[in-house]
Structure formats: C-alpha cells, structure tokens
2 protein chains.
Amino acid sequence: MFDVKLETYIGKMPESEIKKIVIIGAGNVATNLAQALRKAGFDIIQIYGRTNHLAKALADKVRSSYTSNLSNLNMEGDIYFLSVVDSALKDIIKKINIGDKLIVHTSGSTPIDILKNSSSNYGVFYPLQTFSKHKKLDFENIPVCLEANSDRNLKLLTSLAKTISKNVKNINSEQRVAIHLAAVFSCNFTNHMFVIAEEILNKYDIPFDMVKPLIHETVKKIADEKPHKVQTGPAKRDDHETIAKHLNMLVNDKEYMEIYKLITENIIKHKNQTE
Amino acid sequence: MFDVKLETYIGKMPESEIKKIVIIGAGNVATNLAQALRKAGFDIIQIYGRTNHLAKALADKVRSSYTSNLSNLNMEGDIYFLSVVDSALKDIIKKINIGDKLIVHTSGSTPIDILKNSSSNYGVFYPLQTFSKHKKLDFENIPVCLEANSDRNLKLLTSLAKTISKNVKNINSEQRVAIHLAAVFSCNFTNHMFVIAEEILNKYDIPFDMVKPLIHETVKKIADEKPHKVQTGPAKRDDHETIAKHLNMLVNDKEYMEIYKLITENIIKHKNQTE
C-alpha cells in the first residue's frame, strides 16, 4: 500500500472510501464524535463500551449495534476510532485485531506510534474541545488535529474530518501534547479558578452569577488582543496592599493561598519581563 | 442631615438630587465610569488626574474640566467618585477637603470606613468588571456593589447606580473583599492561564487561536451548571500518565510546573470531596 504514489489519489480519492465506522469507546469524546459523524452521513456500525450499558447508551443515539467484548469487534469498518481514556489505551490496543484497517486514536497526549503494531494504516484524530456526554456540541468550529502514518491516510482523515469541521489541522505528536497541555491550562485550570471563586463567594452568601459578566468580559478581551496585553488586577498593578488583604482572607485555606501566591508571583514576573 | 427621617425621601427622592459629578482618578475604572455617567445624562464637572495629561485625556471624553492639583477640586459637585489605585487611596483622601459632600470610592478591597473622616456622607460604588481605558464597556450588565454610611446615602447611590446598570446590589465591606478576591481568581488568574497556554503553544509554532473554541466552551458550560460539575481533563480522570507527560513537558519551566502541580492536586482533592 505504501508504494502507491500519492499523486494517484489527489483529487480522485472519493469521500465514499470511508463509509462504515466503528467507535471503540463510549465516553464524552466518543459520544460527541459518533453523533457528529452520524449527522455527516456516515454509518456507525458498532460501538464498543466497557459495559453493555455504556455501549448501548451511545449506540442508541447513533442507531448502531454495540458490544462490550473486543473479540466481537465488527470487521466491516472502514475506519476504527479508538476513543477511550488514555490510561486504558495500551491495554485495549493489545486486544484489537483489525488487520490492515485504518485505525485512529483521539488522544491529545498520546503519540501516533502507540498504534504502529495495530495496523499498517493508522493515525490520530484529536478534536480539541471539552466534551460532556449530555451536551451535544456543534463540531463545525472545533479544531480537529490530524496525524497519519502516510500521506494517503492523512488525506483520508482530512476528507473525513472536513465533513464535520471547518478547522482541520495537521499536527505532529509533539505539537499535539503541547496543545493538550495548553488546553489543560486554558480549560481545566480556568474552570478550577471558577470553582475556587464560587467557593469563596458562597462562603459570603454571594451567588456565583455575580462574577459571570466579569468572566465573559475576560474572554471577550482576548478575542483580538494577546492575553498578556489585557491583564488587570492587583498583581499587574503591583498592589501589595490588596494582595496582602486577599492572602489574609485565605488564611484558613492554605491550598488556595498557595495557588494565589504562586500565580500572583508569576503574573508579576511576566509583567516585569514584558514591560 | 442625619436626623431627616428616611421616609421623607422614599419615592420622592428625585434623581436630580445628584446632577454634578467630580471624578478623582483617570484610570481604567474612572474612564469607564465617567463615560457611563455622562451617557446617562450627568454633568461631569471635573476630572482629577495624577498629571494634567492623564486628567485631560479623560476630561476630553466627557466634556469636563480637569485638574492635577487636589487643592483645586471643584466644590460644586453633588458627588465625588474616588477612583484611584488602592495604594494611592489613603494619601489622596488626606488631601481632599469637600465638607459634607457625598463621596464614594470604587475599590473592591477597601472598607467603607476609609472615608469616615472625609465627609459625613460616604459610601462605596464598586463596579465589578475588568476595565481597560481604550475599550468602552456597556455598563448595563455590570454588577454595581453599593455600600453607604446611611440609608439616605444608600438610596441616593442606588438611584444613581440604576441609571447605568440593571444589576445593583447592596454589599457590605467584608462581602466586597470576597467578591474582589473571587474576581481575581475568575478574571486575572484565568487570564494568566491563557497567558501560559499561549506561551506553550507559541513554543511549538501553534497560534493561540487554536484553543479559543475550547475557551468559549469552557465558559459556556458554566452558564447553567456549577463549575465543579463540569470539570474535565486528566486531573478529573485521575489520569496520572498524562499528568506525568505534561509535567515532563514543563521540565524547563519550574514555575509553570509548580502551578500545574498545585492546581492539579487541588482538582483531584476537590473531586474526591465531591464524589
């Protein structure tokens, strides 16, 4: 397959080369991906889940059959999406036997090479988003990061990805971990800042809604400006009196105090570097 | 003035009781506030700024006169807004002599009592938002936190605040520091998470735009759900393999590594408390 010249496929490769899809996984990513692919017209022919219950829940949404036994994987798929938690990836890969079928994982932090013994056609299909099972997202603006073991497979994945997203990128494994790490900071850690804010507010009988206009403006500000250009607040102003008041308020919560100190110091350091 | 019964004013207090406004300060908050008040129909009769240049820049925007000398404060104001950096507050308060005129500060973290020797009519008018001088915000949805030394002054401030915002709250000094602290977490620290994300991405030639759809969804998720209910990512999943990969990527940046570790540990701790 590898000695076929790339040019043979350019402009000729029909989208229809991939029609039938098997999804191994039934979590947040699998659920959103399966629904987006189904909506784009693909046949989801099988869902694998850890339990029949989990597999069926997703299978019902995309009119697919399902299994919780990897030995029963449907061999008719044109592509196999491996969309399970990172910690289960290796174990599941060992149990999969799909010959030369195209297989991709959807993990941000896992190199493409983890699949090299699974098939001679493999790749990565990483949608960069925070998914929940029960909130169906529009894939159109979600960046899909692709990597493949051959130009042909990259083209196959590209044409597939473009059916669900306008934002398809070629990203190598090292870049992908960086993206995943940046996603942890800008999504998970950001959300945790909201968790802490809510806890502080609730202690003083103030609803979290109070800071929502502020949060919206915080995100609006980075639409056209670099984040470090729009920083405000006591750290940015070198306002040590206010910082001391805040730390004093956190005196019974050493962990929040540590987080406050560390980020404040880092903002001050950044400020001094860029001023 | 204090022996006038509150009832005398209820329903009668004309908005016109406050017409002329003096703004002491010409920074981000002062700039946005002056413009909102001017738009609502008030006369901004004077802007004080640290320098004539700063004062004039804002005065021109709101067709006001200006000064950089506190001894020249216009005595005709019906209300004086003290909107300077917290670290300058005490010093400026000492130099102000406005008799019994109503004076308010706009600081989140400063108790109302800082004004008790300035006038017998004082209060706090704290708009909870991240302001920039060059980005004029619509005040309508910005929470305005009010506190005053008397019911009458609270009513005056309330009727004034309602001319620019739909979201006016009575907040005492202790609650206000908590709100300010929560604002630092949900705005400044959140923005710093974006700063770190951008730096990581740029190191691998990836534009920050890549994570913007993710950031938008992160904020969308908390519209109807509590932040801790919508957390995702490796910490939430107890995915120590991915956490190790991320830490490994940060090995040359000890401070980011510390921030990553501390927030990750805190997410795990929270998860275990709420599960």
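Residues numbered from 1 in each chain as written. Chains lettered and ligands numbered in written order. Predicted model: local features only at pLDDT ≥ 70, side-chain atom pairs only at ≥ 80, totals over all residues. Heavy atoms only, no water.

### Observations concerning unusual backbone geometry
Step number 1: Despite not being glycine, A:Asp238 shows a phi value in the positive range, around 55 degrees.
Step number 2: When you line up the elements, A:Asp238 lands in the loop between helix H6 (212–221) and helix H7 (240–249).
Step number 3: A positive phi is found at B:Arg63, a non-glycine position, where the angle reads about 50 degrees.
Step number 4: Within the secondary structure layout, B:Arg63 lies in the loop between helix H2 (52–61) and strand S3 (65–67). (Helix = DSSP H or I, 4+ residues; strand = E, 2+ residues; numbered from the N terminus.)

### Considerations on the nonpolar core
In globular proteins that are soluble, nonpolar side chains generally tend to be buried together.
Step number 1: A:Ile24, A:Phe185, B:Ile24 and B:Phe185 are the most contacted members of the largest nonpolar core, which has 118 residues in total.
Step number 2: Look past the residues within four positions of A:Phe185 in its chain and what remains in contact with it is A:Thr190, B:Met193, B:Ile196, B:Ala197, B:Ile200, B:Leu250, B:Tyr256, B:Ile259 and B:Tyr260.
Step number 3: Counting 34 residues, the second-largest nonpolar core is a separate cluster that includes B:Ala34, B:Phe42, B:Val104 and B:Leu157. (Core = buried A, V, L, I, M, F, W, Y, C linked by side-chain atoms within 4.5 Å. Buried < 20%, exposed > 50% of the residue type's maximum accessible area, 1.4 Å probe, protein only. Contact = heavy atoms within 4.5 Å.)

### Looking at the relation of the copies chain A and chain B
Step number 1: Under the fitted operation, chain A is carried onto chain B by 0.0 Å of movement along the axis and a turn of 180 degrees, and the coordinates agree to an RMSD of 0.0 Å. Here the transformation between the copies is reduced to the relation of a two-fold axis. The rotation axis passes nearest to the C-alpha of A:Thr190 in chain A, at a distance of 2.6 Å.
Step number 2: The overlap is high: 100% of the interface residues of chain A also sit at the interface in chain B, so the same surface is used on both sides. (Least-squares fit on C-alpha atoms with pLDDT ≥ 70 in both.)

### As for the domain arrangement of chain A
Residue and element names in this part refer to chain A.
Step number 1: Split by domain assignment, chain A resolves into domain 1 (20–171) and domain 2 (178–274).
Step number 2: Distance between the C-alpha centres of domain 1 and domain 2: 36 Å.
Step number 3: Across the boundary between the two partners, domain 1 contributes seven residues, which contact four residues of domain 2.
Step number 4: Summing both partners gives a buried area of about 410 Å² for domain 1 against domain 2, and 82% of it is carried by carbon and sulfur.
Step number 5: Viewed at the interface, domain 2 and domain 1 are joined by zero salt bridges.
Step number 6: Seen at the junction of domain 1 and domain 2, the total is zero residue pairs in polar contact (both at pLDDT 80 or more).
Step number 7: Tallied by class, the residues present in the side of domain 1 that touches domain 2 amount to four nonpolar, three polar and no charged. (Domains from an automatic or database assignment. Buried area = accessible area lost by both parts, 1.4 Å probe. Salt bridge = Lys/Arg side-chain N within 4 Å of Asp/Glu carboxyl O. Polar contact = N/O pair within 3.5 Å; in protein donor to acceptor, adjacent residues only side chain to side chain. Nonpolar A, V, L, I, M, F, W, Y, C, P; charged D, E, K, R; others polar.)

### Topic: the sheet that holds strand S1 (residues 20–24) of chain B
Residues and elements named next belong to chain B.
Step number 1: Pairing is mixed across the open sheet formed by eight strands, whose spatial order is S3-S2-S1-S4-S5-S6-S7-S8. In this open sheet, the two strands that pair with only one neighbour each are S3 and strand S8 (168–170). Taken over all neighbouring pairs, the strand axes of this sheet differ in orientation by 25 degrees on average, direction set aside.
Step number 2: As judged from the three bridges shared by strand S7 (residues 144–148) and S8, these two strands associate in the parallel manner. Each residue of the ladder has a partner; that of valine 144, found in S8, is valine 168. (Pairing = 2+ DSSP bridges. Axes fitted to C-alpha atoms, helices over the stretch in contact; angles between N-to-C directions.)

### With respect to the packing of helix H8 (residues 254–274) of chain A against helix H5 (residues 173–203) of chain B
Step number 1: Contact geometry of H8(A) with H5(B) gives a least axis separation of 10 Å together with a crossing angle of 55 degrees. With respect to H5(B), the element H8(A) is oriented oblique. For the pair H8(A) and H5(B), the crossing hand works out as left-handed. On H5(B), the residues that touch A:Tyr256, A:Ile259, A:Tyr260, A:Ile263, A:Thr264, A:Asn266, A:Ile267 and A:His270 of H8(A) are B:Leu181, B:Val184, B:Phe185, B:Asn188, B:Phe189, B:His192, B:Met193, B:Val195, B:Ile196 and B:Glu199.
Step number 2: Residues that form the contact of H8(A) with H5(B) fall into these classes: 12 nonpolar, five polar and one charged. (Parallel < 35°, antiparallel > 145°, perpendicular 65-115°, else oblique. Left-handed = near helix turned anticlockwise from the far one by under 90°.)

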